[in-house]
Amino acid sequence: MITEKLRLPGDRLLSRQQLASCPSHSGIPLLGGQIRVYSHVDVERQPLTLTGHRGEITAMTFGKGSSPPLLCSASSYYVIVWDIELCQRRRREGKVATGTVIGTLLGEVVHLSFCRGDERVAACSGATAYILHSQKQEVISSLTGHLGPLTSAEFCPWNPDMLVTASEDRTFKVWDLQTESIFYHSFVLAAAPLLSVFFLEGNKHILTGSTEGQVWCFSLQDDIKCQLVTKIDLQKMEKRYQAGVTERSAVDDVETSKPVLLMAPCCSFNESSSQKEKKNSWFCVGSTDGLYVVDLAASELLTVLYFKGMLPCDLRRIRAGGEGLSVLPSSPPLLESPLNVVLQRKEANHSKKTGALREHPLVFHSKLKSSGYTSSPTRVMFTPRTNAQKSQTSTKAKEKTGLLLREYPGGSAAPSVLHTHLGVSNKPVYCLQYSGNGKQILCGLGDNSVLLHKSSLAGRPAVYTGHDKLVSSVSWSLSRQCWLSASEDQTLRIWTHGTSVPALVLGKSTFSRAIRRAQFYYLDKFVLLASGNSLHLYLYDVDISHDDIKRYQQRSVVKRVGSFATTSGTDISDMSAINDFLSYMVLVGGADRSIQVFDMNKGQVAAVLPDAHSRAVHCITQNKGSAFSTQTPDSYNLFLTSAVTDAVKIWDLRTLRCVRRYENHLNRCHPCSAAISPCGQFLASGSEDNCAYVYDIRSSSFLHKLEKHSETVLSVAFNPATPELLTGTLDGKLGLFQSTSGV
């Protein structure tokens, strides 16, 4: 709960001046170089007044690790460190509270900060950062290198010999305090000066904010190479936040700049370590009009506490919406549910007239064997086998069975090593999907065909043709007995092994719009597809028998169960549903930038997420796992979405909130897809810089940048059985990447 606990009176305007606060005390400067310190523990206690400065106080800060707390204050003449407990004791004894002068005549100090152990103090004055000893008057080092005045300097919490400074020259620098050299010098981030620096220790991220309300997040790797993770804008986040709030205060009607004056961790001082770990991506931004609580992982604004008419806000309720939604059903289907519909196939009505002659084929077998007229006559009727060996088929069968039943290697590294690079077409590879056992791969191409490859990409693939336009979707059945392909030509075809003729075709007369996505659903009971503004649900029965005589006669049966339209009537741009286990939820991306959740048990829309992206969602992928890996039940409620000119976002279906963003890849015009690994630890995305990016799902920065592609990477797919990643490019090439830890 964030509430107003203490309001401190001031005797002058303290605009953009560094104040001091810690879990037990707060301090504000007064006229005449005095400091007034208030206690948070005992609000009724008389505040402590500290004197000793010549000139007005320009900056102050409390220590981070000491007990009792230390307070450091600066003016143009002195930098003084105060022991608060010692000062209070001296005041009770009737003596004058004094501090330790650690710096003199450093100029106008605008920012102070302690290191984690409170042994050193960083003071920013002009373009120089002074490192001072906190117990005596000693300047340990002077750091110069910025072209403009410094605005902030902070010690790295996980490396005490590292300091980060921000300046009005719009850059920040990472310093090595042992050698007084620069580890990293950033590029010019914006047109406005940088004001503040903040660390997220759990993710090893550096955040810096500007006077225009922009925050940049960089990952500080072990090799001290800073990599941009994300960039957020307070004003844009506030607009998105207000779009979902019914009541708006008067301060929302006027647009003003929102300088990032200060950033601080968003956790209570008395929270447990598990609660703090859960909120390790949350932080507070203090600006001129209010306090903004931001989730960096999702780049979303959680709440705003305006200084005018500020109301208490309970952060525990921020994620309370949509608790009832889950991909795992909590009850059996309703009696009137469309999922209960069954297909009743009519039996053939044979003639029962006696004596009537019926037409029969001359051969009563489905397979026709050659009569052997062209073969040479047999001269040896029988030759005994004297060197017969024991058959090894049972051993091989056991070996194959063992390969099918092995577990996904836990703790394996993400795929990053190129194993095979193969050109399959001169047209784009629009979609990829592995079979459930990871042994075969379907490739939907821009030349209107479907390729069936071995997962190793060895040998010649089987080619399936029949579509008139590009193949937009392919899907394996759970039984792996058949698979389907959907195309922009408004047709859907279901194929079986051993024949190049589809077992079932839904033609152009069935759909008036192109099929965006199609798949098997509800443990292969249904075929689910998206066309226009509706989801279409079909029962089917595929005849997998092969009859050379009747091969052109379609004996498979299909029946439409129902069509389910989106709430706003918007066209569906992509769709996702789980087929590996029973699930009622179907996720749909709309052309109006929304995400809609369909409850197929009720046959209606259960939830709508408006403005999920800045453009229409072109990819929705759920965390489906695989038969070879095990995940916690809650993890199956995660799904990702991507859109052109926007980042890949991870959402939680239970809360209907974005929980993390990934935006290191480039996606400006092509519908680059994304995928989640079977173990649920990694995420892969295509990119227009001829690379594929592999992310750790827990971090917004990428793990690997998979190069060696010749064009835009449109499609990515993880092997469900082994740590492998397959990529498909705009120029019709496939790339197979394997893990460094081996398969």
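Anything mentioned here points back to the structure above.
How each quantity is defined
- Residues numbered from 1 in each chain as written.
- Predicted model: local features only at pLDDT ≥ 70, side-chain atom pairs only at ≥ 80, totals over all residues.
- Heavy atoms only, no water.
- 1 Å grid on protein atoms, 1.4 Å probe; cavity = no way out; pocket = protein on both sides within 12 Å on 5 of 7 lines; lining within 4 Å.
- Points joined across faces, edges and corners; volume = space filled by probe spheres on them.
- Nonpolar A, V, L, I, M, F, W, Y, C, P; charged D, E, K, R; others polar.
- Helix = DSSP H or I, 4+ residues; strand = E, 2+ residues; numbered from the N terminus.
- Pairing = 2+ DSSP bridges.
- Axes fitted to C-alpha atoms, helices over the stretch in contact; angles between N-to-C directions.
- Buried < 20%, exposed > 50% of the residue type's maximum accessible area, 1.4 Å probe, protein only.

Q: Teacher, can you tell me more about empty space enclosed by the protein here?
A: Gaps between atoms show up when a probe of the same size as a water molecule is rolled over them. One pass over the structure, following the stated rule, counts 3 cavities of 30 Å³ or more. Around the largest cavity, the lining residues are Asn203, His205, Cys217, Val229, Thr230, Ser281, Leu296, Ala297, Arg660 and Ser700. Its residues assigned to classes, the lining of the largest cavity comprises 4 nonpolar, 5 polar and 1 charged. Its volume calculated, the second largest cavity comes out at about 40 Å³. Elements with a contribution of two residues or more to the lining of the second largest cavity: β3 (34–39) and α1 (84–92). Here the lining of the second largest cavity takes 3 residues from β3, the largest share from any one element.

Q: Teacher, can you tell me more about the sheet that holds strand β25 (residues 415–423) here?
A: Strands belonging to one sheet form pairs held by backbone hydrogen bonds; the direction of such a pair is parallel or antiparallel. Across the sheet, which stays open at both edges, the 4 strands sit in the order β25-β52-β51-β50 with antiparallel pairing between neighbours. Only two strands of the sheet have a single neighbouring strand rather than two, namely β25 and β50 (713–718). Sheet twist, expressed as the average angle between the axes of neighbouring strands with direction ignored, equals 20°. Sheet topology places β25 next to strand β52 (residues 733–739); 7 bridges connect them, and they run antiparallel. Across the sheet, residue proline 415 finds its bridge partner in β52, namely serine 739.

Q: When you look at the pairing of strand β16 (residues 181–185) in this model, what are you seeing that I'm missing?
A: Within a regular strand, side chains alternate between the sheet's two faces. As paired strands, strand β15 (residues 172–176) and β16 are joined by 4 bridges and run antiparallel to one another. Residue pairing across strands places aspartate 176 opposite serine 181, the latter belonging to β16. Where β15 hands over to β16, the hairpin turn is made up of 4 residues, of which glutamate 180 adopts a positive phi near 55°.

Q: I keep staring at unusual backbone geometry and nothing clicks. Help me out?
A: Trans is the common state for peptide bonds, and a negative phi is the common state for residues other than glycine. For aspartate 611, which is not glycine, the phi torsion reads 50° and is therefore positive. By the element assignment, aspartate 611 lies in the loop between β41 (604–609) and β42 (617–622). Note on aspartate 611: relative accessible area 42%, which makes it partly exposed. Backbone geometry at asparagine 690 places phi at a positive 65°, although glycine is not the residue there. Tracing the sequence through the fold places asparagine 690 in the loop between β47 (682–686) and β48 (692–696).

Scope: geometric values only; no functional claims are made or implied.
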